[in-house]
Amino acid sequence: AKIQGKRRWCLFDDGMADKVRLRMQTEQHLRQAMTRQAFELHYQPLIALGSGELTGFEALVRWRDGQQLIMPDRFIPVAEECGLIHDIGEWVLRSACISAREWQDRYQLPLRVAVNVSARQFAAPDFVRRVGLILLETGLYPHLLELEVTESTLQIMEDSQRILAELKALGVSIAIDDFGTGYSSMALLKHLTIDRLKIDRSFVKDTPEAVRDCAICRAIVTLAHSLMLSITAEGVETAEQSAFLSKIGCDTAQGYLFARPLDAAALAGYLANWQQQ
Ligand code: C2E
Ligand code: CA
Ligand code: CA
Ligand code: CA
């Protein structure tokens, strides 16, 4: 039993070492990716459920590694841990604002761009100043920029309220991402000034069949509207989900039913097509 115990410990130890090695490798590759400008943004359309009109895009980062496209869930957590998220986040924000400015100039479309902000980025003492500088530099109307933060990000920060107020003063809007999946969502709504809730995909995916999920979506929409907040449903994949969300008064939707996140070439085609209509 002793030997077995020892062997098990060894296995666990090797696993840990592998994990550490993999993480260090990823971190090193991430640093190279930053200097080689190997990141790209894909843009997923945000659609007004009433009219079917395009209202904007959410920027989603990818890492181009040769033929491979690496998804954010695989590298954002590592970037958060090693601090590279500040550089990546700054690049994402600037690129997204440049794109939104282009949509406005080239296509005469006043489209919103939604940008994901990670916890460490939000917590940086100069975050608000950086956002302000990027807006000045790119000349984007501040109301066309929406920052998406999660409940957990807002919770761990003592001075969330002050930061959000400063961002509001800049004129940018704020969405709570993945709403309902964190803790004490209600406490946040009591204290913070925000503009939009995004219903997490986990609550959307089994509608309209699952009664409980429908009830949860309905409650979130009612809550948002009572507080004068806009509401976006994410992960809408079927016409039935879209019809249900529209029926309960959800303003905006995003999901594979309308479009996948689009790379630069696909985005150009999408916008050209949109402008013609
Ligand atoms: P998120 O903010 O909740 O983004 C929505 C995710 O759902 C995206 O995954 C999107 O591609 C995916 N999605 C959209 N519509 C559908 C659908 O109809 N069905 C399904 N199954 N999925 C759908 P993605 O691009 O892999 O991003 C994953 C997460 O990585 C994001 O979740 C966000 O938390 C994070 N992320 C992405 N870009 C950035 C970034 O620039 N900065 C930071 N800090 N985080 C980012
Ligand atoms: Ca998001
Ligand atoms: Ca989300
Ligand atoms: Ca989500």
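Summary of the structure given here. Bear in mind the structure is a predicted one, so any value in this text is a computation, not a measurement.

Further remarks concern the coordination of the calcium ion (ligand 3). Donor atoms from the polypeptide that coordinate the calcium ion (ligand 3) comprise Asp177 (OD), Asp178 (OD), Glu234 (OE) and Glu234 (OE), at 2.1 to 2.9 Å from the metal. Site description for the calcium ion (ligand 3): donor spacing in sequence, D-D-x55-E. The metal-metal distance between the calcium ion (ligand 3) and the calcium ion (ligand 2) is 3.6 Å, with Asp177 serving as a donor to both. One end of the pair, Asp177, is in strand S6 (residues 173–179); the other, Glu234, is in strand S8 (residues 230–234), and 57 residues separate them in sequence. Across the pair, exposure class does not vary: Asp177 and Glu234 are buried alike.

With that out of the way, let us pick up the coordination of the calcium ion (ligand 2). Within the protein, the calcium ion (ligand 2) binds to Glu58 (OE), Asn116 (OD1), Glu148 (OE) and Asp177 (OD); these donor distances fall in the range 2.2 to 2.4 Å. Here the donor residues of the calcium ion (ligand 2) are spaced in sequence according to E-x57-N-x31-E-x28-D. Classification of Glu58 as buried rests on a relative accessible area of 5%.

Let us look at the packing of aromatic side chains. Applying the stated criterion to the full structure yields ten aromatic pairs. On the numbers, 6.3 Å between centres and 75 degrees between planes, the contact of Tyr43 with Phe57 is edge-to-face. Here the residue Tyr43 occupies a position in strand S1 (residues 39–48), and Phe57 occupies one in strand S2 (residues 54–65), the gap between them amounting to 14 residues. In this structure, Tyr43 and Phe57 share a single accessibility class: buried. Consider the rings of Tyr270 and Trp274, whose centres lie 6.0 Å apart with planes at 10 degrees: the pair is stacked. Of this pair, Tyr270 and Trp274 both sit in helix H12 (residues 264–276), separated by four residues, roughly a single helical turn. There is no split in this pair, since Tyr270 and Trp274 are both buried. Every member of this aromatic cluster is reached through a ring pair, and the members are Tyr43, Phe57, Trp103, Tyr270 and Trp274. Sitting over the face of the ring of Tyr256, Arg260 holds its NZ or CZ atom 3.7 Å from the ring centroid.

Conventions used here
- Residues numbered from 1 in each chain as written.
- Chains lettered and ligands numbered in written order.
- Predicted model: local features only at pLDDT ≥ 70, side-chain atom pairs only at ≥ 80, totals over all residues.
- Heavy atoms only, no water.
- Donors = N, O, S within 2.8 Å, 3.2 Å for Na, K, Ca; no water.
- Helix = DSSP H or I, 4+ residues; strand = E, 2+ residues; numbered from the N terminus.
- Buried < 20%, exposed > 50% of the residue type's maximum accessible area, 1.4 Å probe, protein only.
- Phe/Tyr/Trp six-rings, centres within 6.5 Å; stacked < 30°, edge-to-face > 60°.
- Lys NZ or Arg CZ within 6 Å of the ring centre and 35° of its normal.

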